[in-house]
Every structure is written in structure tokens, then in C-alpha cells.
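# Descriptive structure summary
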Amino acid sequence: GGGSGGISSGINTTQNIGFNNNTQINEKIKVGGDASLNHSGNETINESKETTFIKNSNNTNSSTNISHNESYSANLRLEMEWKLDSANTIIFQPNMGYSKSFSDNNRNYSYLSETDSISRGKTNNNGNETSIDGGLGVIYNHKFNSKKGRTFTANLNAGISQDNSESTNLSNKYNYLTAKDTTIAQRTITTSNRYNYSLKMSFVEPLW
């Protein structure tokens, strides 16, 4: 397998392990497949301080942002090819996957005019997501003995997947000028289930 995309800022760590196999049991049965375990993490710390000069005064905006992201995944794919005879073949292709991810982001900020504090605040966003999926593919192929090259193929695929995610957002801001404290707390839960199936059939007739 492979992946694409840009490299995230901060400190990135990845670990991967995989295994694949292809074994001829006998003249009629061949089995194979692959399995993999993956982990990735990212740690980022951003600090900024911005000062704006307007006439005889200056304003300073300071912030610190710390984020952590982590994900785990496991995948398994199998295949068994069964030659019933010289004309008929059945292939079974089961697969399953699991993934889990976490994220956490904390930000603290303050706003000053000259040496007087105007406002300060902090936010925290965190979430987690779990995904499970599985499927089965069955391919049947028949070669007609009456004419070389004439074949019939049927391909049946079915799959199911479930995603569960939860995220929270907590923010607090204090305004020194109005002595007002504002707090926002949010929580979002999302669940989705997907099912799919398909059946394809083809008949090949050679022209000569």
C-alpha cells in the first residue's frame, strides 16, 4: 500500500508493520492475503507575539497553541482460490479494517494595550473517532469447453462499515474593560452506518 499528502508541521512519528502470504495448498486450492498495523502521531507547539504600533500607543497580542494528534489502524485482507475443475473457479475475498484516532488542541491568548490587560482567554478542542469496516467478495468463473475463449464471470461484493466520532469544544474569555466572563461549551456526537452490495456478470464471446 501507499499514501500521499504533505508533511505536517511539528514532530511526527510513524510505525508500520505488515505481513503477506501466498500459499499453494494443493492443485485446487491456493490461499493468500496480507495484514498491517499502523500508528502515527503529531505534536505541535506554536507560540506567537505580535505588537502593533498606532500613533503613541502599542497593542500586543500573545498566544500559545499546543496540539496533539494520534491515530491507529489495522487491516486484514484474505483470498482463497478454489478450482472446482478445469472449467470452474471460485475466489473468496474477505477483508476487515479498524481505525482509531485522537486529537487535542489547547490555546491560551491575551491582549494588552500598552501595559494594561484588555482581555485573556483559553480554548480546548478534543475529539476521537472510531471506524470499523468489513466486506466479502466472491468471484465465479466458468470456461466453456464448447469454444475456446468463451467464459462467464459473476462478481458479488458486499460490505458494511460503522463510524463513531465525538468532539468537545470549551472556551473561556474574560474582558477586563467590562469585567465580563464568557464561557462556551459544546459537544458533538456523530454515528453513521453504511451498507453496500453489488453484483456484476459478464459473458465473453471470442470473435475468432
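Our subject is the structure listed above.
The structure presented is a predicted model; accordingly, all values stated were derived computationally and were not measured.

Parameters and conventions
Here the residue index of a chain counts from 1 through its sequence in written order. Selection of residues for local features in this predicted model requires a pLDDT of at least 70, selection of side-chain atom pairs for listing and counting requires 80 or more, and totals for whole chains, interfaces and linings are taken over all residues. Where side-chain values are given, they derive from all heavy atoms of the structure, hydrogens and water being excluded. Here a helix means four or more residues in a row that DSSP labels H or I, a strand means two or more in a row labelled E, and each is numbered from the N terminus. Note on exposure labels: buried denotes an accessible area under 20% of the residue type's maximum, exposed denotes more than 50%, and partly exposed covers the range between, all computed with a 1.4 Å probe on protein chains only. Residue contacts follow a heavy-atom distance rule, with two residues in contact if any of their heavy atoms lie within 4.5 Å. Strand pairing is assigned whenever DSSP detects at least two bridges linking the two strands. Under this scheme, a helix contributes an axis fitted over its contacting stretch, all axes are lines through C-alpha atoms, and angles between N-to-C directions fall in the 0 to 180 degree range. Aromatic contacts are taken between Phe, Tyr and Trp rings whose centres are within 6.5 Å, Trp giving its six-membered ring; a plane angle under 30 degrees counts as stacked, one over 60 as edge-to-face, and the others as tilted. When a carboxyl oxygen of Asp or Glu is within 4 Å of a side-chain nitrogen of Lys or Arg, the pair counts as a salt bridge.

This part takes up the overall build of the protein. Of the regular secondary structure elements, the protein holds zero helices and seven strands. Counting only C-alpha atoms, the protein reaches 95 × 35 × 30 Å along its principal axes. In the protein, which comprises 208 residues, the share counted as buried stands at 20%. Contacts in the protein between residues far apart in sequence, at least 24 positions, make up 63% of those at least 6 positions apart.

Right, let's get into the sheet that holds strand β6 (residues 151-175). One open sheet holds the seven strands; their spatial order is β1-β2-β3-β4-β5-β6-β7, and the pairing between them is antiparallel. On the outer flanks of this sheet lie β1 (11-24) and β7 (180-204), each paired with one strand and no other. Between one strand axis and the next, the sheet turns through 5° on average, direction left out of account. In terms of strand pairing, β6 meets β7 through 25 bridges, oriented antiparallel. Each residue of the ladder has a partner; that of Lys173, found in β7, is Thr182.

The subject of this paragraph is the pairing of β6. Where strand β5 (residues 116-143) meets β6, 25 bridges bridge the pair, whose relative direction is antiparallel. Within the sheet, the bridge partner assigned to Lys122 lies in β6 and is Asn172. In textbook terms, the turn of a hairpin is the stretch between consecutive antiparallel strands, and for β6 and β7 this stretch comprises four residues, one of which, Ala179, has a positive phi near 55°.

Tallied over the full model, the rule gives two aromatic pairs. Plain terms: the ring middles of Phe144 and Phe203 are 5.9 Å apart, the flat faces sit at 75° to each other, and that makes the pair edge-to-face. Here Phe144, found in the loop between β5 and β6, pairs with Phe203, found in strand β7; they are 59 residues apart in sequence, far enough to count as distant. What makes Phe144 partly exposed here is its relative accessible area of 30%. Both rings, one in Tyr174 and one in Tyr176, keep their centres 5.0 Å apart while their planes meet at 90°; by these two values the pair is edge-to-face. The exposure class assigned to Tyr174 is partly exposed, which follows from its relative accessible area of 22%. For Tyr176, a relative accessible area of 36% gives the class partly exposed.

So, on to the pattern of salt bridges. This structure, assessed with the given rule, holds six salt bridges. A salt bridge links Lys147 to Glu205, with the nearest nitrogen and oxygen atoms 3.1 Å apart. A residue pair is termed long-range when its members are at least 10 positions apart, and Lys147 in the loop between β5 and β6 and Glu205 in the segment after β7 qualify at 58 residues. According to the relative accessible area criterion, Lys147 is partly exposed, its value standing at 31%. We classify Glu205 as partly exposed; its relative accessible area is 34%. As a salt-bridge pair, Arg150 and Glu205 come within 2.6 Å of each other at their nearest N and O atoms. Of this pair, Arg150 sits in the loop between β5 and β6 while Glu205 sits in the segment after β7, and the two are 55 residues apart along the sequence. Residues joined in a network through salt bridges with shared partners are Lys147, Arg150 and Glu205.

Turning our eyes to something else, we now look at unusual backbone geometry. Of note, Ala179 is a non-glycine position whose phi angle comes to about 55°, a positive value. By the secondary structure assignment, Ala179 is in the loop between β6 and β7. With a relative accessible area of 54%, Ala179 lands in the exposed category.

The sheet contact formed by β1 and strand β2 (residues 29-54) spans 14 bridges and is antiparallel. Bridged to Asn22 within β2 is Gly32. Across 26 bridges, the pairing between β2 and strand β3 (residues 57-83) is antiparallel. Looking at β3, one finds that Lys30 is bridged to Glu81. Between the antiparallel neighbours β2 and β3 lie two residues, among them Lys55 with a positive phi of about 50°.

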